[in-house]
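Listed below, chain by chain, are the residues.
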Amino acid sequence: MIKIDDWIIQKGEKSQGEIAIIGGGRSMPATVICGVEEGPTILITAGIHNAEYVGIQAAMELAQEFQPEDLSGNVIFVPLINVSGFENRTMSTVYEDGKNLNRVFPGKADGTQAERIACTIVQKLFSLADYYIDLHSGDGFEQLHPHVYYVGVVDEKTADASLHMARHISSRFIVRSKCADGGAYNYASSMGIPSILIERGGQSAWSWEEVEQDKRDVEHLILHLQGKRCRGLKHTRQMILENVVYECAPYTGCWYPMKKPGEYFFKGEELGELRDYYGNKLYTSIAMEDGVILYQTISLSIIEEGPMISYASLTRQLV
């Protein structure tokens, strides 16, 4: 049985409903499926950043397709966390307060809207979860290569279980995060909940192919974690990336990237230029070590102290 406020879903039932935000605001749509057999509870969220559409669509479709007889355990789908942002197209921020929801966890019950949404997720959803999968994409100005994050600075048991989850995602790159707070999956990991964040898609665009890739990954992982067989997923040779550089823009101006996400480079190579509105060069991004581009700003516009490019040094490969 799953109980969220006064909403009760019994074993063998599937139910659609809404999760009220602590302190008020737009409720979050959710589908809860309680399997016919006992097993772990898996939480899947999307739309923390409301213009990251691949994960939102994938979660909505999976919530429709899964049935209680498919499961040994429970699955909670929340395909759109930031509803007001989605309805007002605010990209990464919550409409009411302009805050990035994925930077305010664990939130506050008496805080701003973003903080109260985060607090709701922690109190009403993380309290139920044995495993957590968070679906993301690149923002409207971001271009990325698919990859999956897990937190490596939590207790060993949680880190190992999270890495095990990431190994079942069809992404070439696994990124070991060294940050244990701030984001939803980071905070869940700090609570001892094995968690991953899947990145696929970007530029506020989506395709059926990308949605299907997300769906295959999540379906496979749900069934695997609940001891079920899932056929048809090909094994992907993966690489763990541990040393990640998140380079922010030193000036406001125009940005000209020289590489593409997923492209390799050598230490000392130029990764992009930042110019003023006369075309004069203000800054050149130089690779600090051999590595691969994870994501980057793709818009001509670049904002001082805003995200510019992220890359990782090459470390170890997993067979």
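Look up: the structure comes first, before these words.
Residues numbered from 1 in each chain as written. Predicted model: local features only at pLDDT ≥ 70, side-chain atom pairs only at ≥ 80, totals over all residues. Heavy atoms only, no water.

**As for the overall build of the chain**
Assigned secondary structure in the chain consists of six helices and 21 strands. In terms of overall dimensions, the chain has C-alpha extents of about 65 × 45 × 35 Å along its principal axes. Going through the 319 residues of the chain one by one, you find that 54% of them count as buried. For the chain, contacts bridging at least 24 residues in sequence account for 72% of all contacts bridging at least 6. Per element, the accessible surface of the chain, about 13900 Å² overall, is 48% carbon and sulfur. Charge-centre separation for the chain: the mean point of 29 positive side chains lies 5 Å from the mean point of 42 negative side chains. (Helix = DSSP H or I, 4+ residues; strand = E, 2+ residues; numbered from the N terminus. Buried < 20%, exposed > 50% of the residue type's maximum accessible area, 1.4 Å probe, protein only. Contact = heavy atoms within 4.5 Å. Areas by Shrake-Rupley, 256 points an atom, 1.4 Å probe, with all protein chains shown as cover. Lys, Arg positive; Asp, Glu negative; His and termini not counted. Charge placed at Lys NZ, Arg CZ, Asp CG, Glu CD.)

**A look at the pairing of strand S6 (residues 72-78)**
With seven of seven residues buried, S6 lies mostly within the body of the structure. Judged from the four bridges that link them, strand S4 (residues 28-34) and S6 form a sheet pairing that is antiparallel. In the sheet register, Thr-31 faces S6, and the bridge partner there is Phe-77. Judged from the six bridges that link them, strand S5 (residues 37-46) and S6 form a sheet pairing that is parallel. Residue pairing across strands places Thr-41 opposite Asn-74, the latter belonging to S6. (Pairing = 2+ DSSP bridges.)

**A look at helix H4 (residues 156-166)**
Since there are 3.6 residues in each turn of an α-helix, residues three or four apart along the chain are aligned in direction. Those residues of H4 not exposed but buried are Thr-158, Ala-159, Ser-162, Leu-163, Met-165 and Ala-166. Down the axis of H4, the sector holding all buried residues measures 155°, keeping them to one side. The exposed residues of H4 that point more than 90 degrees off its buried face are Glu-156 and Lys-157. (Arc of directions from axis to C-beta.)

**Overview of the side chain of Glu-273**
Mapped onto the secondary structure, Glu-273 falls in strand S16 (residues 270-275). Residue classification places Glu-273 among the buried residues on the basis of a relative accessible area of 9%. Only 3.0 Å separates the side chain of Glu-273 from the side chain of Arg-275, close enough to count as a polar contact. Of the polar contacts made by the side chain of Glu-273, one reaches the side chain of Lys-281; its length is 3.3 Å. Apart from the residues lying within four places of it in its own chain, the contact partners of Glu-273 are Cys-254, Trp-255, Tyr-256, Met-258, Lys-281, Tyr-283 and Thr-284. (Polar contact = N/O pair within 3.5 Å; in protein donor to acceptor, adjacent residues only side chain to side chain.)

Function cannot be inferred from these measures alone, as they are strictly geometric.
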